[in-house]
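# Report on the structure
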Amino acid sequence: MTAKVPYFSVVIPAYKCADFIQCTLQSVYAQTESDFEIIVVNDGSPDNLAEVLQRETDPRLRIITQENGGECAARNRGVREARGQFIAFLDGDDAWLPNHLSTARTFFEKHPGFNWFSTKPRRTSRISPSDLTADTPQQPEFWAINWYAEGDEQTSSSSAVLRRTAIEGRDLFPVGVRMFGDGIGWARFALQNRTIGTCYGTTALYRIWGGSATDVFLANSAGSRVGAALDAFLLQQEMYTSDEYPEEAKLFFRKSSLYNWWVRSRGSSLKPWLEEINRRRHVTGAFLTLWLKFCAHFSHFF
């Protein structure tokens, strides 16, 4: 007998989050919408994540273990394994409020022509058990926005829900890019799906803690930060120069690539910038990139 296709596939990339994964999973189990499967991709985590996951008994949970390839590789693997009509992304250290999936389902049933939905998550340093059972509005007010113009802040790796068939079996997230890979994935998806649905109110919680990917990135050496930011910068610049992207997308890539590199590598001396760019001299436009950053930094003098 063919297994029933779930409405949602919850894809959770997990790495060094053994202390939080149970809370994350509990927030999924507590959803008012129950038609889902859960796919946790253990991305070669060196902590006791595997042991913690083995304690879980929910039959909707599937655990996939792979060698460490980065969060983008883990998300792509989860998408390939998914069977649901829609893929709901959730990071292994974040959580949902009880109405996250039901809100998404209501949106897609009311607006079947849309291929994705997201809400702006609430940043918090602590996620308590009461957050996972909190009363939430039953009748959200939906609206649609152009993702390139307004959707970036509304979309996160713990709140986005995409129609599986719209991904068309491709790897959406750029493997090898160490930071900002989720944003690049959303930008790629928006090429054929510029309009995204959203609503007022929070349905996802983004945990702020010292071991998060962003905090670890900022704690790295200056050279490591510059290199990771430059990876994303160059890919965004490549997308910026592509003829296939609409003008609003090119403006978005220009803004976000400069912003990401500048903000995430600030506090560094010029030395790691010069060393990294000298190492990549074969990359067209690298010196121009440095010049733009230099001008942005000293613009208040002109």
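Residues numbered from 1 in each chain as written. Predicted model: local features only at pLDDT ≥ 70, side-chain atom pairs only at ≥ 80, totals over all residues. Heavy atoms only, no water.

### Re the pattern of salt bridges
Side-chain pairs of opposite charge can arise where the charged atoms are in close proximity. The tally for this structure, following the rule as stated, stands at 14 salt bridges. Between R55 and E51 there is a salt bridge, with its nearest N and O atoms 3.3 Å apart. Among the salt bridges present, the one from R122 reaches D131, with a minimum N-O distance of 3.9 Å. Exposure remark for D131: the relative accessible area of 15% places this residue in the buried category. Each member of the salt-bridge network shares a partner with another, and the members are K4, E33, D35, R105 and E109. (Salt bridge = Lys/Arg side-chain N within 4 Å of Asp/Glu carboxyl O. Buried < 20%, exposed > 50% of the residue type's maximum accessible area, 1.4 Å probe, protein only.)

### Some words on the environment of Q154
In this structure, Q154 sits in the loop between α5 (147-151) and β9 (161-163). Put simply, Q154 and T198 are 44 residues apart on the chain and 7.5 Å apart in space, counted from C-alpha to C-alpha. Beyond its immediate chain neighbours, meaning those up to four positions away, Q154 contacts S118, T119, K120, I145, S159, T198 and C199. Of the polar contacts made by the side chain of Q154, one reaches the side chain of T198; its length is 2.6 Å. (Helix = DSSP H or I, 4+ residues; strand = E, 2+ residues; numbered from the N terminus. Contact = heavy atoms within 4.5 Å. Polar contact = N/O pair within 3.5 Å; in protein donor to acceptor, adjacent residues only side chain to side chain.)

### Re the side chain of N42
Looking at where N42 falls in the secondary structure, it is placed in strand β2 (residues 36-43). For N42, a relative accessible area of 3% puts it in the buried group. Polar side-chain contacts of N42 include one of 2.9 Å to the backbone nitrogen of S45. With residues near it in sequence (within four places) discarded, N42 still touches A14, L49, A50, I64, T65 and Q66.

### Overview of the environment of R62
Looking at the secondary structure, you find R62 in strand β3 (residues 61-66). You can call R62 partly exposed: its relative accessible area is 29%. Along the primary structure R62 and I38 are separated by 24 residues, whereas in three dimensions their C-alpha atoms are 6.0 Å apart. Excluding residues within four positions of it along the chain, R62 makes contact with E37, I38, I39, V40, E81, A82 and R83. In this structure the side chain of R62 is engaged in a polar contact, spanning 3.0 Å, whose partner is the side chain of E37.

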